Amino acid sequence: MSDSRKPFVASGDIPPSPPPSSVVGPIAWVRANLFSSISNTVMTLFGVFIIYSLLAAVIPWLFIDSVWNATSLSDCRSIDNGACLAVIKERYLQFIYGFYPEEERWRPILSFFLMIVAVAPILFAGVPRRVLYLSGLYPAIAYWLIWGGTIWGPVGVVLGLVLAVVAYRLITTTLPAVVGLIGGGLVLVLWWLFGVEIFDGALTSVVDIGLPVVESSKIGGFLLSLIIGVSGIAGSFPLGIALALGRRSNLLFIKALSTCFIEFIRGVPLITLLFVASTLLNYFLPPGTSFDVVLRVVIMVTLFASAYMAEVIRGGLAALPKGQYEAADALGLDYWKSMRLIILPQALKISIPGIVNTFIGLFKDTVLVSVIGLLDPVGILNPIRADQNWNGIVWELYGFISIFFFIFCFGMSRYSQYLERKLQTGHG
Amino acid sequence: MSEVAIDREIDRSKLQVSDEVAIEITMMNKWYGDFHVLRDISLTVNRGERIVVCGPSGSGKSTLIRCINRLEEHQKGTIVVDGIELSSDLKNIDKIRSEVGMCFQHFNLFPHLSVLDNCTLAPIWVRKEPRKEAEDRAMHYLERVKIADQALKFPGQLSGGQQQRVAIARSLCMNPRIMLFDEPTSALDPEMIKEVLDVMVDLAETGMTMICVTHEMGFARQVANRVIFMDQGQIIEQNEPEEFFNNPQSDRTKLFLSQILSH
């Protein structure tokens, strides 16, 4: 000990050596994390006991004593005392499609697989960029596949966007961009309100390409959850970004508009908005316009989630150091370029946990549409439980729905973690 | 504060000041709310000048140079940069900003982009240059600040001194005619200050017009052709470095110099 106080000069380098086995390896991990003290040991043993009890109850119930072949609940109970999975076996198609006509079920299936293809280039950088064209057209394709009808309606809607862009280009060759935006928007609205119907009618009378129409009331189950959830997610993200930027804008009108929208939507329960969508909205629309109920619900869910999204993203924007805005300005980037290239990539990265949180919340909130009579998975439960044969069955049905939601929500959660790791760029 | 020696010969013959005016500030005033930050600032900077602005904290020196590229707005008086008057016209502002480079105390590199992308971003998106051309020039300037081997790293993986050198290269990639430095070495460890100052000396030797807010008095002595001392939003004294340091006129300058040079 006394030596270490003496004046000292290092005589050479100490070579690095591997750490002792007590600090690395699985045994060291177990010792350090599970049995490091008496209280930790007790907690570990208690935890193991709880896990064991749960598994000991669930595994026999779900896998060993469960009944797959039966026609009613009492039938199930007479065979074995485990889960009565016969009800799932009998009704799972209803859980997936609702009352979607049997011979047309290839259409939702095709839409689902196309969705995976369309979403891939957005989620993963390795997918060829050309697939993005499909992503852009996918909403129209999926709409046509699921609801059917003539193909010219969705084509007309897409055509409206093309017309709007053309109008914008034409106007901006001579006039400022603001006029172009207004002109383009006007063309879009007018075309969608009046043009699409004429276009649709005219072309249908010439070439009638179409699928049998499927009413919204027939669409249900996980199909409906996915329609509402995916459209809501896809719509609320860009809308949320726009609202977040709007709320931080220097332009008073835009700022006030965004703030009012966000505060109003956030201040109202989703169920209220859904009731507005299902009943009240018809009073506000011009007479004669029939607006599909699923579409109305999708719009409401999108607006609702976008308000939350906006606040999450605004948090990300506020968390960025002021220097990033200044550096972008100092290089001569204009507002849109600095947002697109500098600010949003960083702000969105910071907001990933919050954004995914909102997505997951939105996706699970889709079950609320059962209160306005739509047949989402929870809405499907009621006719099943009202059935004489299955009266009194609870765990199996809710469990089945939970598993579906868990798979999708857990998937989103894992993806967000993957994304955070991927976007990690050093300790700066 | 510190006085890092620049231990190399500076080729004074390269430090030429031309007659052409680069920046003309006339009776400029600025307020933050009620607080009068800049008072009657008048300053003419010729092309090729190296001006060091110093003064106690809160004297408005950073605000002054931030007004030159409109990161801060002035309320009275005029600022003319490269013949363009700064007004609220956004076109003028963007034009001036792309001609005036700026380096910040905290570097403000874009952490989500690689070093190379940091440098090519503005040339590609503001000047609409082809990527290849922008990358070639970026590599040229990264070479000049001696950091080309780190081009593919992200800013977070570099030391402070390296980051500041990248920030200088990033500004140079826009071929600015004027460079503003806002305390470029204040956030750096002593051993890194020198590498940044060396780069700034190199830059001065290319004839770049420079305005530096800095406490590096060694740099001021050896490189600057004019030192400006500010206090409470005013220019108190300006002079050639030799005179400024050896024969300060105002009491406030004397006090300031005695405080920063005493250790």
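As shown above, the structure is provided for reference.
Rules and cut-offs
- The residue numbers shown here count from 1 along each chain, following its written sequence.
- Chain letters start at A and ligand numbers start at 1, both assigned in the order the entries are written.
- Two thresholds apply to this predicted model, a pLDDT of at least 70 for residue-level local features and 80 or more for giving and counting side-chain atom pairs, whereas whole-chain, interface and lining totals are computed over all residues.
- Based on all heavy atoms of the structure, the side-chain values leave hydrogens and waters out of the count.
- A contact between two residues is defined here by any heavy atoms of the two lying within 4.5 Å.
- The term buried area denotes the loss of accessible surface (1.4 Å probe radius) that occurs when two parts are joined, taken as the sum for both partners.
- The term salt bridge refers to a pairing of a side-chain nitrogen on Lys or Arg with a carboxyl oxygen on Asp or Glu at a separation within 4 Å.
- Pairs of N or O atoms within 3.5 Å make up the polar contacts considered here, provided that, within protein, one atom can donate a hydrogen while the other can accept it, and that residues adjacent in sequence are counted only when both atoms are side-chain atoms.
- Helix numbers and strand numbers start at the N terminus; a helix is a DSSP run of H or I with at least 4 residues, a strand a run of E with at least 2.
- Cysteine sulfur atoms are paired as a disulfide whenever they come within 2.5 Å of each other.
- A simple rule labels every residue: compare its accessible area, found with a 1.4 Å probe on the protein chains alone, to the largest value its type can have, and call it buried under 20%, exposed over 50%, or partly exposed in between.
- Working definition of a nonpolar core: buried Ala, Val, Leu, Ile, Met, Phe, Trp, Tyr and Cys residues. They are joined through side-chain atoms within 4.5 Å.

(A) View of the interface of chain A and chain B. Between chain A and chain B, the residue contacts involve 22 residues of the former and 24 residues of the latter. Of all residues in chain A, the largest losses of buried area upon contact with chain B belong to A330(A), L331(A) and T425(A), amounting jointly to 29% of the total for that side. E326(A) is paired through a salt bridge with R66(B); the nearest N and O atoms lie 2.5 Å apart. Inspection of the chain A/chain B interface yields 6 residue pairs in polar contact (both at pLDDT 80 or more). Elements with a minimum of two residues in the side of chain A that touches chain B: helix 13 (322-330) and helix 14 (335-365) of chain A.

(B) Fine view of the state of the cysteines. Applying the stated criterion to the full structure yields 1 disulfide over all chains. With a sulfur-sulfur separation of 1.9 Å, C76(A) is cross-linked through a disulfide to C84(A). Disulfide C76(A)-C84(A): the torsion about the S-S bond is 70°, which places it as right-handed. There is no split in this pair, since C76(A) and C84(A) are both buried. Looking at C212(B), it has no disulfide partner, and the nearest cysteine sulfur is the one in C103(B), 9.3 Å off. Given the relative accessible area of 1%, C212(B) is considered buried.

(C) Local environment of the side chain of E311(A). Residue and element names in this part refer to chain A. Residue position: E311 is located in helix 12 (residues 293-319). Within the local environment of E311, its side chain forms a polar contact with the side chain of R247, the two groups lying 2.9 Å apart. Not counting residues within four places of it along the chain, the set of residues in contact with E311 comprises R247, I262 and R266.

(D) Looking closely at the nonpolar core. Membership of the largest hydrophobic core comes to 122 residues, with the highest contact counts inside it found for I219(A), L317(A), I23(B) and I25(B). Counting residues per element, this core draws most heavily on helix 14 of chain A, which supplies 14 residues. Among all residues touching I25(B), those that are not within four sequence positions of it are I41(B), S42(B), L43(B), L64(B), I68(B), T78(B) and I79(B). In this structure, I6(B), C103(B), A138(B) and F244(B) belong to the second largest nonpolar core, which totals 52 residues.

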